Amino acid sequence: MEYLIIGNSVAGTSCAQKIRFNDKKGQITILSEESFPAYGRPLISYYLAGKVDSNLIQYRNDDFYRENKINVVLNCKALNIDSKNKKVKGSNGKEYSYDKLLIATGSVPFVPPVKGIENQKNTFTFLKLEDAKKIEKIITDKSNVIIVGAGLIGLKAAEALAGKVASISVVDLADRLMASVLDSQTALRIQKYIEKRDVKFYLSNTVAEVGKDSVVLKNGEKLPCDILIMAVGVKPNTEAALTAGIKVNRGIVVNEYMETSVKNIYAAGDCVESLDILSNQNKVLALWPNAYMQGETAGSNMSGVENKFAGSFAMNAIGFFGIQLISAGIVDPKDEKVSIYIEENEKEITYKKLLTLNNKLIGFALLNLPDRAGIYTSLINDDVKLDSLNYDITKKDIGLNVFPQDIRHNKLFRGNNK
Amino acid sequence: MKKVYAFEKNCLGCGLCEVYCKTAHSKSKDIIKTYRKENITSAIVIEEILSPKAKTYFALQCRHCADPKCVKACISGAMYKDQNGIVKNIKEKCVGCLSCVLVCPFGAVKRNKDKERKIISKCDLCIETGTPACVENCPNNALKLMDEEEVK
Amino acid sequence: MSISLITPQFEVLRDEKKCIQCKVCVKQCANEVHRYDEEDNVVLADDAKCVNCHRCVVLCPTKALKIRNNSLEFRDNANWNGKAINEIFIQAETGGILLSSMGNPKPFPIYWDKMLLNASQVTNPSIDPLREPMETKVMIGRKPKKLEFDKKGKLITEIPPQIELNMPIMFSAMSYGSISKNAHEALARAAEKLGIVYNTGEGGLHKDFYKYGKNTIVQVASGRFGVHLNYLEAGVAIEIKMGQGAKPGIGGHLPGIKVGEDVSATRMIPVGADAISPAPHHDIYSIEDLSQLIFSLKEATNYKKPVLVKIAAVNNVAAIASGIARAGADAIIIDGFRGGTGAAPTRVRDNVGIPIELALAAVDQRLRDEGIRNEVSIVCAGSVRNSSDIVKAIALGADAVYIGSAALIAIGCHMCHSCSTGKCNWGIATQEAELVKRLNPDLAYQKLVNLLSAWNHEIKEMLGGMGINAIDSLRGNRLMLRGVGLNQKELDILGIKHAGE
């Protein structure tokens with residue numbers, strides 16, 4: 001049996017690991033278009049900030065590949081998938097045959113058209129280690145950095161560069177930071193906190209034109225610019241999938257076994273659409289744990305052990321400038337029936353927001369209150385009825401003691417982590 | 001595999017397991033120095049159950065899940081399950097993103113309060129010394145190192 | 001309200017160099033002595049609440065705590081010492097009788113420590129119990145005057161019911177109510193493991209413990225709490241409690257606060273009701289009346305169980321014991337004045353009753369003199385502290401001993417004499433669920449097994465040293481004892497010679 005995996009991040013890695021667990025003999029090959037061994041992409045900001053050594057950034061050590069007999073081909077982009085003959089053409093000129101194929105190509109940055117963007121030769125996106133290495137090389141304490149996008153990636157880039165450059169300006173069309181995760185009040189509070197660390201924000205604004213050493217904003221303001229980081233967002237990388245005629249909406253369409261519309265081809269990770277259990281719709285949920293589980297599910301099915309992906313929901317753990325934000329589910333609801341509980345402490349800069357609907361927790365956001373957040377996550381994940389719990393979760397700090405004794409016992413003694 | 005199990009009927013909520021957990025994971029291995037000079041977060045959580053008759057307690061630490069969510073959520077590869085089934089965190093690799101805290105359904109992975117070393121704190125079963133310090137020092141035998149099968 | 005004159009009995013000394021503010025002491029003190037001050041990050045103590053039970057001292061992970069007697073001294077006065085003064089302050093404030101727990105702490109003579117044991121030298125060999133058989137098994141109950149056998153050598157004498165003990169030790173009566181369910185469980189399981197018996201006390205038998213029936217003596221006391229046919233049939237023997245060494249002539253009083261659902265069901269009284277055991281049995285005013293109760297109980301249980309009668313050691317103990325033997329009891333328990341209790345008036349505990357050693361010797365002698373020693377077994381109770389006390393008790397004439405305080409100490413009692421408060425920090429003399437839990441029966445039972453196994457081993461060593469290979473051969477063998485520092489009267493009562501004689 002030949003297994004071929006396109007993409008060398010978490011989905012690809014977990015898929016390979018699972019295949020090897022089920023199939024000790026099959027041949028496993030991973031194609032990576034990058035020149036580095038697998039690393040956690042979210043780690044690039046830590047790398048740029050000097051918080052993680054380049055020798056420790058590798059996601060799995062060499063022993064992992066040796067023990068699992070996984071062959072990784074670096075610097076090889078999959079150019080074309082020939083599903084009829086079960087062959088993939090690589091950018092290194094070689095052809096790779098497969099019996100089962102996984103597409104785990106992840107995301108690519110979404111860069112909107114901006115007038116004059118070609119004038120700034122130091123324009124970067126911020127997704128890959130390569131991006132961070134390039135930025136690392138050219139920044140000086142005199143650099144003026146413009147970051148377009150006040151989402152997670154933009155803010156992580158700002159954090160990584162803070163204190164290393166002359167100025168950092170973050171521009172975003174939205175009226176607040178991380179609009180998908182934060183409500184306006186919290187966003188404002190975090191914004192003020194970050195502004196104290198010499199990061200300027202230009203919100204409800206955008207870069208209208210890029211010049212050689214400056215940018216002009218929509219409101220006419222002109223800012224000096226030596227480095228431009230485009231961190232507007234990401235989109236699924238479906239390039240390879242399309243060459244095989246696989247059905248693609250926003251992301252690659254897969255069923256619960258992570259099978260694509262083409263036989264023997266599976267897909268997992270940020271490049272696919274999967275079930276969001278909160279909206280019951282297929283969505284692109286570009287989340288690390290999601291990618292891991294999808295890769296694992298795909299790997300299991302590819303190696304003959306049937307397994308379903310149960311679906312997931314948005315969740316994030318974000319840390320920047322010493323702030324910790326943990327959130328999951330729906331945090332900015334459109335539905336008026338959602339009850340929202342908020343508890344905040346301005347002095348300590350803490351904030352807790354719990355959202356419930358129909359006797360269930362559907363989302364939460366915790367600012368600087370990470371302790372035991374996973375229990376909230378499990379309440380969403382396991383579809384727990386709130387009135388079956390020992391106490392009102394808005395009245396007390398969460399603990400495992402929220403569960404009635406039999407359920408608690410089941411969790412603690414039978415290791416049920418569902 | 002063997003794990004630490006807490007028996008509610010015997011747990012007093014005294015907090016000694018925390019004291020010994022911190023000490024076991026300190027540099028000095030001395031209780032007083034650990035508390036005075038090192039800022040260590042214990043890998044144990046003591047929970048209180050309010051019931052009308054009497055308070056009951058239980059101590060909780062990493063369950064070393066068969067299918068650990070924290071390992072899947074870890075963005076740096078610091079969290080892994082070793083050959084013995086113990087879920088471990090490689091301090092040097094951990095960047096303190098708290099993704100593991102986000103997904104641990106037991107709330108058993110803690111943020112290390114020591115801000116200098118932004119890492120997490122979780123039970124490693126005191127694998128270097130043999131018997132977990134919490135089990136060894138529980139005054140009422142409420143914590144036991146038992147085989148999964150034995151418990152079921 | 002005026003200022004209280006009572007001074008704290010103890011001081012709590014905290015070594016600030018060692019205290020790590022872990023708050024274990026705060027969480028563990030049911031008397032709320034320790035408190036944590038968050039503002040100053042310091043743990044403070046209220047000395048007045050301390051009973052010196054050592055719970056905090058033992059659990060403090062850095063051993064930062066010491067408890068001392070309060071160094072505050074009243075002006076020197078051999079007569080009006082601090083204790084005497086404070087007791088007056090207390091009674092002047094409360095108007096109540098003083099209450100105490102456990103046994104008489106006063107410095108009365110301890111005769112066990114004034115008797116020494118013999119050992120074989122040259123003329124008869126000592127025995128090594130590790131190499132040769134050594135019997136410590138005893139049978140408690142009425143013995144026939146003589147044994148008759150048929151021609152084939154088969155025993156034809158009918159043997160009255162007996163309690164078989166693997167060693168001459170039993171756990172004395174401590175009621176469920178006065179001690180916790182976990183304490184009872186520890187005693188019951190240890191008795192089962194050791195092949196001995198424990199005693200329900202006057203609080204009935206909890207439904208969970210009927211399974212230990214083969215190792216249980218059920219007690220019938222003046223309150224008759226929890227007594228019913230199943231109960232009487234549950235154990236291997238029935239004990240009628242006429243008196244208790246710690247408080248001869250006094251009844252018992254379990255405050256309603258300790259009567260929770262479980263205690264209520266076991267005692268067959270309403271939840272929250274005070275359980276009052278009258279001083280006398282209201283149906284016993286004579287030896288004849290006692291005999292009626294003994295035979296009622298025997299009748300009820302088909303004459304299959306020995307009936308034991310327990311009395312406190314008092315002035316005429318020998319004559320009373322003789323009467324009890326004649327009333328039909330199978331064994332008599334003599335409880336000395338150092339015996340423990342969950343609660344007793346201090347003045348009674350400290351001033352009523354006589355030393356067990358003298359009472360035991362007197363009773364054994366009297367029953368021998370009257371030729372009825374075989375009709376009853378004698379059980380010695382009231383502060384038996386170790387294996388040598390036991391060996392001496394056997395030599396003075398006991399068939400077995402009861403241990404109560406020693407057993408409780410084995411499972412954590414620190415003799416703080418505060419049982420009556422119901423706040424036992426060791427989970428023994430309390431009914432508060434949160435405190436009861438502190439006594440893990442799994443650990444406690446093992447400690448009891450360890451203690452008595454060790455004692456049994458020591459008893460064998462001492463027997464072997466005397467050249468005796470069975471505990472039965474030591475019973476009443478007062479030649480094995482010698483007194484030191486005793487006057488002639490004491491020697492006469494004990495029936496022993498002075499050392500050197």
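The rules behind these values
- Residues numbered from 1 in each chain as written.
- Chains lettered and ligands numbered in written order.
- Predicted model: local features only at pLDDT ≥ 70, side-chain atom pairs only at ≥ 80, totals over all residues.
- Heavy atoms only, no water.
- Helix = DSSP H or I, 4+ residues; strand = E, 2+ residues; numbered from the N terminus.
- Rg over C-alpha atoms; globule rule 2.2 N^0.38 Å.
- Buried < 20%, exposed > 50% of the residue type's maximum accessible area, 1.4 Å probe, protein only.
- Contact = heavy atoms within 4.5 Å.
- Areas by Shrake-Rupley, 256 points an atom, 1.4 Å probe, with all protein chains shown as cover.
- Lys, Arg positive; Asp, Glu negative; His and termini not counted.
- Charge placed at Lys NZ, Arg CZ, Asp CG, Glu CD.
- Patch = residues over 30% accessible without salt bridge, like charges linked within 9 Å, V, L, I, M, F, W, Y side chains within 5 Å.
- Salt bridge = Lys/Arg side-chain N within 4 Å of Asp/Glu carboxyl O.
- Polar contact = N/O pair within 3.5 Å; in protein donor to acceptor, adjacent residues only side chain to side chain.
- Axes fitted to C-alpha atoms, helices over the stretch in contact; angles between N-to-C directions.
- Parallel < 35°, antiparallel > 145°, perpendicular 65-115°, else oblique.
- Left-handed = near helix turned anticlockwise from the far one by under 90°.
- Nonpolar A, V, L, I, M, F, W, Y, C, P; charged D, E, K, R; others polar.
- Expected span 1.5 Å × (residues − 1).
- Pairing = 2+ DSSP bridges.
- Buried area = accessible area lost by both parts, 1.4 Å probe.
- Core = buried A, V, L, I, M, F, W, Y, C linked by side-chain atoms within 4.5 Å.
- Domains from an automatic or database assignment.
- Phe/Tyr/Trp six-rings, centres within 6.5 Å; stacked < 30°, edge-to-face > 60°.
- Lys NZ or Arg CZ within 6 Å of the ring centre and 35° of its normal.

Student: Hey, could you go over the overall build of chain A for me, with residue numbers and the actual values?
Tutor: Along the backbone of chain A there are ten helices and 26 strands. Computed over the C-alpha atoms, the radius of gyration of chain A is 23 Å, within 12% of the 22 Å expected from 2.2 N^0.38 for a compact globule of 418 residues. Principal-axis analysis of the C-alpha atoms places the extent of chain A at approximately 60 × 60 × 35 Å. Among the 418 residues that make up chain A, the fraction classed as buried is 55%. In chain A, 59% of the contacts between residues at least 6 apart in sequence involve partners at least 24 apart. By element, 47% of the accessible surface of chain A is carried by carbon and sulfur atoms, the whole surface being about 18,400 Å². In chain A, the 54 positive side-chain charges and the 48 negative ones have mean positions that sit 3 Å from each other.

Student: Summarise the overall build of chain B; cite the residues concerned and give the values.
Tutor: Looking only at helices and strands, chain B features six helices and eight strands. In terms of overall size, chain B behaves like a compact globule, its C-alpha atoms giving a radius of gyration of 15 Å where 152 residues would be expected to give roughly 15 Å. Reported as C-alpha extents along the three principal axes, the dimensions of chain B are approximately 45 × 40 × 30 Å. Buried positions account for 61% of the 152 residues belonging to chain B. Within chain B, contacts between residues at least 6 apart in sequence are counted, and of these 55% link residues at least 24 apart.

Student: Could you give me a rundown of a nonpolar patch on the surface, with the residues and numbers involved?
Tutor: Residue and element names in this part refer to chain C. A contiguous nonpolar patch, built from Leu147, Phe149, Leu155 and Ile159 and spanning about 360 Å² of accessible area, is present on the exposed surface. Tracing the chain through its elements places Leu155 in the loop between strand 7 (138-140) and strand 8 (163-165). The exposure class assigned to Leu155 is partly exposed, which follows from its relative accessible area of 37%.

Student: If you had to explain the interface of chain B and chain C to someone new, which residues and values would you point to?
Tutor: Contact with chain B, which involves 24 residues of that partner, is made by 22 residues of chain C. Applying the counting criterion to the chain B and chain C interface returns zero salt bridges. For the pair chain B and chain C, the interface holds eight residue pairs in polar contact (both at pLDDT 80 or more). Contributions of two or more residues to the side of chain B that touches chain C are made by helix 1 (16-24), helix 2 (31-37) and strand 3 (56-60) of chain B. With four residues, helix 2 of chain B is the single largest residue contributor to the side of chain B that touches chain C.

Student: I'd love a proper account of the packing of helix 11 (residues 387-396) of chain C against helix 14 (residues 441-465) of chain C, names of residues and values included.
Tutor: Residue and element names in this part refer to chain C. Two numbers describe how helix 11 lies on helix 14: the axes approach to 9 Å, and their chain directions differ by 55 degrees. Classified by the angle their axes make, helix 11 and helix 14 are oblique. Crossing geometry of helix 11 relative to helix 14 is assigned as right-handed. Packed against helix 11, whose contacting residues are Ser387, Ser388, Ile390 and Val391, the element helix 14 presents Trp455, Glu458, Ile459 and Met462 at the interface. Classifying every residue of the contact of helix 11 with helix 14 gives five nonpolar, two polar and one charged.

Student: How would you sum up the environment of Leu59(C)? Please name residues and give values.
Tutor: Residue position: Leu59(C) is located in helix 2 (residues 55-59). Sequence spacing of Leu59(C) and Gln28(C) is 31 residues, and the spatial spacing of their C-alpha atoms is 8.3 Å. When residues no more than four places from it in sequence are discounted, the contact partners of Leu59(C) are Cys14(B), Leu16(B), Pro139(B), Val24(C) and Gln28(C).

Student: Now, about helix 4 (residues 181-194) of chain C: what can you tell me, with residues and values included?
Tutor: All names here are of chain C. Taking 1.5 Å of rise per residue, the 14 residues of helix 4 would be expected to cover 20 Å, and the 20 Å separating its terminal C-alpha atoms lies within 8% of that figure. Buried residues dominate helix 4, accounting for eleven of its 14 residues. Buried residues belonging to helix 4 abut strand 9 (169-171), strand 10 (198-199), helix 12 (405-410), helix 13 (433-436) and helix 14. Phi for Gly195, located one or two positions after helix 4, is positive at around 75 degrees.

Student: Describe in detail the sheet that holds strand 20 (residues 272-276) of chain A, supporting the description with residues and values.
Tutor: By definition, the strands of a sheet pair up through backbone hydrogen bonds, in either a parallel or an antiparallel sense. Residues and elements named next belong to chain A. Sheet architecture is open: three strands sit in the order 18-20-21, paired in mixed fashion. Strands with a single pairing partner mark the edges of an open sheet, and in this sheet they are strand 18 (252-253) and strand 21 (281-283). Pairing geometry for strand 18 and strand 20, over two bridges, is parallel. For Ile252, the partnering residue across the bridge sits in strand 20 and is Val272.

Student: With reference to specific residues and values, describe the interface of chain B and chain A.
Tutor: In this assembly, 41 residues from chain B lie in contact with 45 residues from chain A. Taken together, both faces of the contact between chain B and chain A bury some 3,700 Å²; the carbon and sulfur share is 57%. By the criterion of area lost to chain A, the three top residues of chain B are Lys72(B), Ile75(B) and Leu102(B), representing 20% of everything that side buries. Applying the counting criterion to the chain B and chain A interface returns four salt bridges. A salt bridge links Arg111(B) to Asp371(A); its shortest N-O distance comes to 3.9 Å. Those elements that place two or more of their residues in the side of chain B that touches chain A are strand 1 (2-6), strand 2 (45-49), strand 3, helix 3 (69-73) and helix 4 (99-103) of chain B. Here the residues of the side of chain B that touches chain A are counted per class, giving 24 nonpolar, five polar and twelve charged.

Student: Mind laying out the nonpolar core, listing which residues take part and the relevant values?
Tutor: Within the largest apolar cluster, 171 residues are counted, with the highest numbers of intra-cluster contacts made by Ile81(A), Ile194(A) and Phe364(A). If you look at the next biggest cluster of nonpolar residues, it comprises 116 residues, including Leu165(C), Val220(C), Ala410(C) and Ile428(C).

Student: Before we move on, could you go through the packing of helix 4 of chain C against helix 14 of chain C and cite the residues and values that matter?
Tutor: Residues and elements named next belong to chain C. With their axes 8 Å apart at the nearest point, helix 4 and helix 14 run at an angle of 45 degrees to one another. One finds that helix 4 runs oblique with respect to helix 14. Helix 4 and helix 14 meet at a crossing whose hand is right-handed. Of helix 14, the residues touching helix 4 (which contributes Asn182, Glu185, Ala186, Leu187, Arg189, Ala190, Lys193 and Leu194) are Pro441, Asp442, Ala444, Tyr445, Leu448, Val449, Leu452 and Ser453. Taken together, the residues of the contact of helix 4 with helix 14 break down into ten nonpolar, two polar and four charged.

Student: Explain the domain arrangement of chain A to me, using residue names and the numbers behind them.
Tutor: Domain boundaries in chain A define domain 1 (2-38 + 49-108 + 236-302), domain 2 (117-232) and domain 3 (322-414). Of note, the centres of domain 1 of chain A and domain 3 of chain A, computed from C-alpha atoms alone, are 33 Å apart.

Student: Quick one: what's the story with the pairing of strand 13 (residues 207-210) of chain A, residue by residue and with numbers?
Tutor: Residue and element names in this part refer to chain A. Direction of pairing for strand 13 relative to strand 14 (residues 214-217): antiparallel, over a ladder of three bridges. Its bridge partner being in strand 14, Val210 is matched across the sheet by Val215. Between strand 13 and strand 14, which pair antiparallel in sequence order, lie three residues.

Student: Could you give me a rundown of the arrangement of the chains, with the residues and numbers involved?
Tutor: Once contacts are tallied for each of the two pairs of chains in contact, the highest total is for chains A and B. Contact between chain A and chain C is absent, and the least distance between their C-alpha atoms amounts to 17 Å.

Student: Could you give an account of helix 14 of chain C, naming the residues involved and the relevant values?
Tutor: All names here are of chain C. With 25 residues, helix 14 extends 36 Å from end C-alpha to end C-alpha; this agrees with the ideal 36 Å at 1.5 Å per step. Regarding helix 14, the residues found buried are Pro441, Ala444, Tyr445, Leu448, Val449, Leu452, Trp455, Asn456, Ile459, Leu463 and Gly464. Taken together, the buried residues of helix 14 touch strand 9, helix 4, helix 11, strand 19 (400-403) and helix 12. The backbone nitrogen of Asp442 lies 2.9 Å from a side-chain oxygen of the residue at the head of helix 14, namely Asn440. Gly467 sits one or two residues past helix 14 and shows a positive phi near 80 degrees.

Student: Could you give me a rundown of the environment of Ile67(C), with the residues and numbers involved?
Tutor: Along the chain, the position of Ile67(C) falls in strand 4 (residues 65-69). If we ignore the near neighbours within four places in the chain, the residues touching Ile67(C) are Phe10(C), Glu11(C), Val12(C), Cys50(C), Asn52(C), His54(C), Cys56(C) and Val57(C).

Student: Which residues make up the packing of aromatic side chains, and what are the values?
Tutor: Counting across every chain of the model gives ten aromatic pairs over all chains. Ring centres of Phe36(A) and Tyr39(A) lie 6.4 Å apart, and the angle between their planes is 80 degrees; this geometry places the pair in the edge-to-face category. Just as Phe36(A) is buried, Tyr39(A) falls in that class too. Plain terms: the ring middles of Phe209(C) and Tyr212(C) are 6.1 Å apart, the flat faces sit at 45 degrees to each other, and that makes the pair tilted. We note that Phe209(C), like Tyr212(C), is buried. If you follow Lys396(A) out to its NZ or CZ, it ends over the ring of Tyr391(A), 4.8 Å from the centre.

Student: I'd love a proper account of the sheet that holds strand 16 (residues 227-230) of chain A, names of residues and values included.
Tutor: All names here are of chain A. Spatial ordering of the open sheet is given by 9-16-10-11-12, a layout of five strands whose pairing is parallel. Two strands bound the open sheet, and with one partner strand each, they are strand 9 (123-125) and strand 12 (199-203). Within this sheet the neighbouring strands show an average axis-to-axis angle of 20 degrees, counted without direction. Inspection of the sheet shows strand 10 (residues 144-148) paired to strand 16 by four bridges, in the parallel sense. Looking across to strand 16, one finds that Val145 is bridged to Ile227. Helix 4 (residues 129-138) rests against strand 9 and strand 16 of the sheet, and its axis sits at about 145 degrees to strand 9.

Student: Give a description of unusual backbone geometry that names residues and reports values.
Tutor: In this structure, Lys69(A) takes a positive phi of about 50 degrees despite not being glycine. As for its placement among the helices and strands, Lys69(A) is situated in the loop between helix 3 (62-67) and strand 3 (70-73). Its identity is not glycine, yet Asn41(C) carries a phi of approximately 50 degrees, on the positive side.

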